[in-house]
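# Coordinate inspection notes
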Amino acid sequence: MIRWINEIPMSTENVSAGSGKYPKLDLIIRILKAINSSAQRTEALEETLSIIKEATGMEATGIRLRDGFDYPYYVTKGFPGYFVEAERFLCSYNGMGRLLKDESGNPVLECMCGNVIKSRTDPSLPFFTSFGSFWTNSTTKLLATTSEKERQARTRNRCNGEGYESVALIPLRSRDTIIGLLQLNDKRTDMFTPDLVRYFEDLGNAIGLVFAQKQMETELRHVNEYQKERMRELNCLYSLSSLIGPDASEESAMDSLFSSIARIIPEIWEHHGAAHVKISIFDREYVSDDFIETPTGESLPILLRGDQAGTLCIFFDFRENPAMISRRLDEKRYFLNLLLSRISSLAEIILVEKELRKSRDEMERRVEDRTSELRKANEALEDALAEKMMLIREVNHRVKNNLFILQGILELQTAHMEEGPARQIIKDLDNKVHSISMLHEVLYRSVEQGRINAQTYITSILSFLEESWTAENSIIRISCRIPPRLLLEVDKVLPVGLIINEAATNAFKYAFAGREEGEIIVSLAPEDSGYLLRIADDGIGMPEIPDISRAPSLGLKLIHALTIQLKGELSISREGGTSVTVRFP
């Protein structure tokens with residue numbers, strides 16, 4: 001408490017307001033104690049206004065706080081209800097109901113309250129202070145003697161229309177940021193003095209600092225709770241991924257697998273025994289430990305090839321509040337949908353494995369009835385089928401065990417994060433994982449004697465990047481200039497794809513700053529005894545980097561390392577944009 005008061009220079013003398021007198025420091029301490037003793041922000045603000053109104057004798061007081069773009073009344077004391085409703089919001093809207101914005105793209109806040117909040121004040125005028133406050137002892141005289149230009153904005157004049165003559169608007173600051181507004185109104189004239197206004201400015205500083213601290217503490221608690229919740233979910237996904245093996249279609253393995261899934265899912269809830277799980281699939285049921293079927297629960301469908309193949313039932317401790325159960329389910333809705341998708345994928349794999357096993361058994365029975373000549377042909381066919389099945393099994397196994405958990409984590413994490421550096425880092429990582437995933441897809445579908453169709457693979461990467469990075473109002477064109485039948489060795493495809501991913505991502509992020517249009521050109525072609533790869537844009541060009549191996553950007557370091565892996569040569573040009581060129585054998 002003392003550290004906040006010490007930041008505000010003030011004396012302990014009395015300050016008069018109307019007919020009341022009160023000590024400065026006394027009032028500050030009372031307000032800060034009220035704020036710190038209240039667990040809820042609304043209670044703290046209402047108590048603050050009550051103390052100010054009682055101490056000063058002001059007819060009406062109010063506090064506005066930031067909420068999105070606007071600064072609505074959060075609490076008021078003494079204002080009529082119709083006045084509060086009419087003046088609750090400050091943002092301006094046009095005849096179509098659309099939010100008006102200024103030349104910088106910021107919402108237009110009307111009236112004198114908007115001037116103070118947006119620092120549109122001129123201290124050379126008598127009704128503004130150097131701190132950024134507005135005050136007058138006669139709104140009637142102010143309106144009669146000043147122009148709209150001097151008042152900095154169009155005023156609604158509702159305070160004057162309601163008969164309020166003495167009005168003060170004091171910004172609430174947290175350090176250098178205005179987080180709200182303290183409003184003091186009275187129908188009497190001459191309620192303020194410069195010394196009193198300065199005192200209210202000190203008071204506004206104190207209120208803003210304490211509320212900023214309480215807000216930070218609240219947000220920190222929410223972050224910690226959020227991280228614990230996500231960690232439980234990630235542990236659940238990790239545990240599920242470790243259960244999936246190549247023999248999942250075997251009856252004993254399948255029973256063990258779904259029993260383990262039913263046992264693991266309740267662990268995502270905070271309290272032990274809060275939830276019980278039953279999975280019904282393939283005409284069997286699997287339940288969690290100490291399973292209890294309570295009256296409160298939810299049944300979620302497990303889909304297989306578009307049809308319902310089973311259900312995931314979650315039952316909750318009957319002692320839980322139904323409203324709390326509903327809230328917890330809503331919080332975990334995305335995770336449960338992701339979990340259902342993974343269970344459905346697993347069921348699809350099991351079904352395909354069974355069908356393949358049945359098909360192979362039928363083929364073997366027919367082969368036994370053939371002549372020796374057909375038997376040899378069937379043996380060759382069986383070898384080919386076995387090789388095909390082994391490839392399918394290996395691809396499935398790799399996708400399941402290597403990419404299942406990573407993609408699940410990235411999808412879950414980005415869905416719960418706001419825009420910012422952390423979300424950007426995970427988005428970049430998701431792009432890299434996608435490039436690797438597409439390699440597995442192309443390897444599975446179009447490998448020709450150890451080579452990959454470069455156009456197919458690179459086009460898929462660029463399409464994903466264009467969809468991921470192109471903003472709603474921007475037009476960033478991507479041109480892909482690669483021969484349709486160009487084949488690359490498998491060990492060269494992944495480094496090439498990652499180089500393209502990094503260079504194109506850098507172009508999307510930095511090359512077109514301040515522009516809505518631009519072009520990125522990606523080309524790959526044979527050259528002499530090797531290949532020439534170029535990723536170019538017509539943007540602003542990257543800064544000069546003397547030694548690319550020591551570049552501050554992780555993306556450039558990765559491009560350099562991948563070029564070494566290709567045993568190639570890297571060069572970067574900055575004429576007319578940025579061009580990254582890699583020659584490799």
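This text gives an overview of the structure that appears in the document. (Residues numbered from 1 in each chain as written. Predicted model: local features only at pLDDT ≥ 70, side-chain atom pairs only at ≥ 80, totals over all residues. Heavy atoms only, no water.)

Once that is clear, we can look at the overall build of the protein chain. For the protein chain, the helix and strand inventory stands at 16 helices and 18 strands. Expressed as a percentage of its 585 residues, the buried residues of the protein chain come to 46%. Of all intrachain contacts in the protein chain linking residues separated by at least 6 positions in sequence, the fraction that spans at least 24 positions is 63%. In the form shown here, the protein chain has an accessible surface area of approximately 30,900 Å², with 50% of it arising from carbon and sulfur atoms. (Helix = DSSP H or I, 4+ residues; strand = E, 2+ residues; numbered from the N terminus. Buried < 20%, exposed > 50% of the residue type's maximum accessible area, 1.4 Å probe, protein only. Contact = heavy atoms within 4.5 Å. Areas by Shrake-Rupley, 256 points an atom, 1.4 Å probe, with all protein chains shown as cover.)

Right, let's talk about the pairing of strand S7 (residues 177-186) for a bit. Of all ten residues making up S7, nine are buried, and the element is well covered by its neighbours. Pairing of strand S3 (residues 60-65) with S7 involves six bridges; the strand directions are antiparallel. Within the sheet, the bridge partner assigned to isoleucine 63 lies in S7 and is leucine 182. Bridge count between strand S6 (residues 166-174) and S7: nine bridges; the pairing is antiparallel. Looking at S7, one finds that isoleucine 170 is bridged to leucine 182. Counting the residues that bridge the hairpin from S6 to S7 gives two residues, and of these arginine 175 lies at a positive phi of roughly 60 degrees. (Pairing = 2+ DSSP bridges.)

Taken as a whole and assessed by the stated rule, the structure comprises four cavities of 30 Å³ or more. Taken as a whole, the largest cavity holds about 230 Å³ of empty space. Those elements that place two or more of their residues in the lining of the largest cavity are helix H5 (111-117), helix H6 (139-145), helix H7 (158-161) and S6. (1 Å grid on protein atoms, 1.4 Å probe; cavity = no way out; pocket = protein on both sides within 12 Å on 5 of 7 lines; lining within 4 Å. Points joined across faces, edges and corners; volume = space filled by probe spheres on them.)

By the element assignment, phenylalanine 512 lies in the loop between helix H15 (490-511) and strand S15 (517-527). With 25 residues separating them in the primary sequence, phenylalanine 512 and aspartate 537 have C-alpha atoms 9.0 Å apart. Ignoring any residue separated from it by four or fewer positions in sequence, one finds phenylalanine 512 in contact with Ile476, Ala507, Glu517, Gly518, Glu519, Ile520, Asp537, Asp538 and Gly539.

What follows is about the sheet that holds strand S8 (residues 275-281). Ordered in space as S9-S8-S11-S10, the four strands form an open sheet in which the pairing is antiparallel. Two strands close off the open sheet at either side, each with one partner strand: strand S9 (284-287) and strand S10 (297-304). Averaged over neighbouring strand pairs, the angle between their axes works out to 20 degrees when direction is ignored. Pairing analysis gives four bridges linking S8 to S9, with the strands arranged antiparallel. Bridge assignment links lysine 278 to a residue of S9, and that residue is valine 287. Against the sheet, helix H11 (residues 333-368) makes contact with S8, S10 and strand S11 (307-316), and its axis sits at roughly 40 degrees relative to S10, the strand it touches most. (Axes fitted to C-alpha atoms, helices over the stretch in contact; angles between N-to-C directions.)

Right, let's talk about the sheet that holds strand S18 (residues 578-584) for a bit. Overall, mixed pairing links the five strands, which are arranged S13-S15-S16-S18-S17 in an open sheet. A strand with exactly one partner marks an edge of an open sheet, and here the two such strands are strand S13 (475-481) and strand S17 (569-573). Put simply, the sheet's adjacent strands are angled 10 degrees from each other on average, direction ignored. Looking at chain direction, strand S16 (residues 530-537) and S18 are connected through seven bridges and run antiparallel. Within S18, the residue paired with alanine 536 across the bridge is serine 579. Against the sheet, helix H14 (residues 454-469) makes contact with S13 and S15, and its axis sits at roughly 175 degrees relative to S13, the strand it touches most. Along the sheet, H15 makes contact with S13, S15, S16 and S18, crossing S16 at roughly 15 degrees.

Moving on to the packing of aromatic side chains. Describing an aromatic ring pair means giving the distance of the ring centres and the angle of the ring planes. In total, this model carries eleven aromatic pairs according to the counting rule given. When the centroid spacing of 5.0 Å and the interplanar angle of 10 degrees are considered together, the rings of phenylalanine 79 and phenylalanine 83 count as stacked. Both residues of the pair, phenylalanine 79 and phenylalanine 83, count as buried. Ring centres 5.8 Å apart and planes at 75 degrees place the aromatic pair phenylalanine 291 and phenylalanine 315 in the edge-to-face group. A residue pair is termed long-range when its members are at least 10 positions apart, and phenylalanine 291 in the loop between S9 and S10 and phenylalanine 315 in strand S11 qualify at 24 residues. Note on phenylalanine 291: relative accessible area 25%, which makes it partly exposed. With relative accessibility at 11%, the residue phenylalanine 315 sits in the buried group. What links up through ring pairs into an aromatic cluster is the set Tyr73, Phe79, Phe83 and Tyr164. The ring of tyrosine 73 has arginine 64 sitting right over it, with the charged end atom 3.9 Å from the ring centre. The aromatic ring of tyrosine 164 is capped on one face by lysine 187, whose charged end is 5.8 Å from the ring centroid. (Phe/Tyr/Trp six-rings, centres within 6.5 Å; stacked < 30°, edge-to-face > 60°. Lys NZ or Arg CZ within 6 Å of the ring centre and 35° of its normal.)

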